[in-house]
Structure formats: C-alpha cells, structure tokens
Amino acid sequence: MILLPVIQPTFIGMKGQTIVPVEAGAYCLSSPSTTFNEKKDPRRKFRFYLDFPEGAVRNDVSLPAERIFFDLDCWVEGDEQFIKAREKWTENEKELK
C-alpha cells in the first residue's frame, strides 16, 4: 500500500529552518502472530518505508539520502490488550495532574 507524506518535515538548526524532502513510501500491517508457547499475540507489526532523497544533517545526527525502513508494534483498537493499555494510560495521566 502506498504511504504519502502529508507534510515535509522540518527542523531548526544553525542555518535556521531546514526542510527535509521526503517522498512516498509503502506500508503493510501484519496479522497477529502465535508465539512459541502457543498463546495468541495480539500485537501487529506496522512496517513502512519512506524515501529521503537528500538526507539531512543536524548537529551530530545524520539521515542518509536513501530509503529508511521503520518497524513497530501496534494494537488494533477494541482489542482486549489495547483496552487495558488505554485504561492504564488514563490512570497514569490522572496521577500526573
């Protein structure tokens, strides 16, 4: 599936505001997997890539001019684990106020 950037990312550096060109990429969302102990793992993998044709440099961090891949865990809203995590998040927010 195609992943289109909504905005061009920016950062503020020694030269002022710098725009980091980013081009369309693609993504996929995997189905839940079964772990070695045969329990259903509700997490899904959200994998995507974006192309950064010019790269970027800020201080001691550099983003190469190439395709960058991302891989993260996510949960589907309505899933039992997701509901528990949201409840815990709400509790923590209340405690911080």
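Structure's up top.
Along each chain, the written sequence defines residue order, and numbers are assigned to residues from 1. Local features in this predicted model are restricted to residues whose pLDDT is 70 or higher, and side-chain atom pairs enter the listing and the counts only when it is 80 or higher, whereas totals over whole chains, interfaces and linings include all residues. Side-chain numbers come from the whole structure's heavy atoms, not from hydrogens or water.

**Quick notes on the environment of V22**
Mapped onto the elements of the fold, V22 is located in the loop between β3 (16–19) and β4 (23–29). Only protein chains enter the calculation, and the probe is 1.4 Å; a residue is then buried if its accessible area is under 20% of its type maximum, exposed if over 50%, and partly exposed in between. For V22, a relative accessible area of 8% corresponds to the buried category. Spatially, the C-alpha atoms of V22 and V6 are 9.8 Å apart, while their sequence positions differ by 16 residues. Beyond its immediate stretch of four places on either side in the chain, V22 contacts P5, I7, Q8, P9, L50, D51, F52 and P53. Here a strand is any run of E in DSSP of at least two residues, a helix any run of H or I of at least four, and the numbering for each starts at the N terminus. The criterion used for residue contact is that any of the two residues' heavy atoms lie within 4.5 Å.

**Comments concerning the pairing of β4**
The two faces of the sheet receive side chains in turn, since in a regular strand these alternate between them. Where strand β1 (residues 2–3) lies against β4, two bridges are found, and the strand directions are antiparallel. Bridging across to β4, L3 finds its partner in G25. For two strands to be treated as a pair, DSSP must find no fewer than two bridges joining them. Sheet topology places β4 next to strand β7 (residues 44–51); five bridges connect them, and they run antiparallel. Each residue of the ladder has a partner; that of L29, found in β7, is F46.

**Details of the pairing of strand β2 (residues 10–13)**
Sheet topology note: the β2/β3 ladder contains four bridges and is antiparallel. In the sheet register, T10 faces β3, and the bridge partner there is I19. Linking β2 to β3, which pair antiparallel, is a turn of two residues.

**A short note on unusual backbone geometry**
At N59, a position not held by glycine, the phi torsion is positive, near 55°. Mapped onto the elements of the fold, N59 is located in the loop between β8 (56–58) and β9 (61–63). Given the relative accessible area of 65%, N59 is considered exposed.

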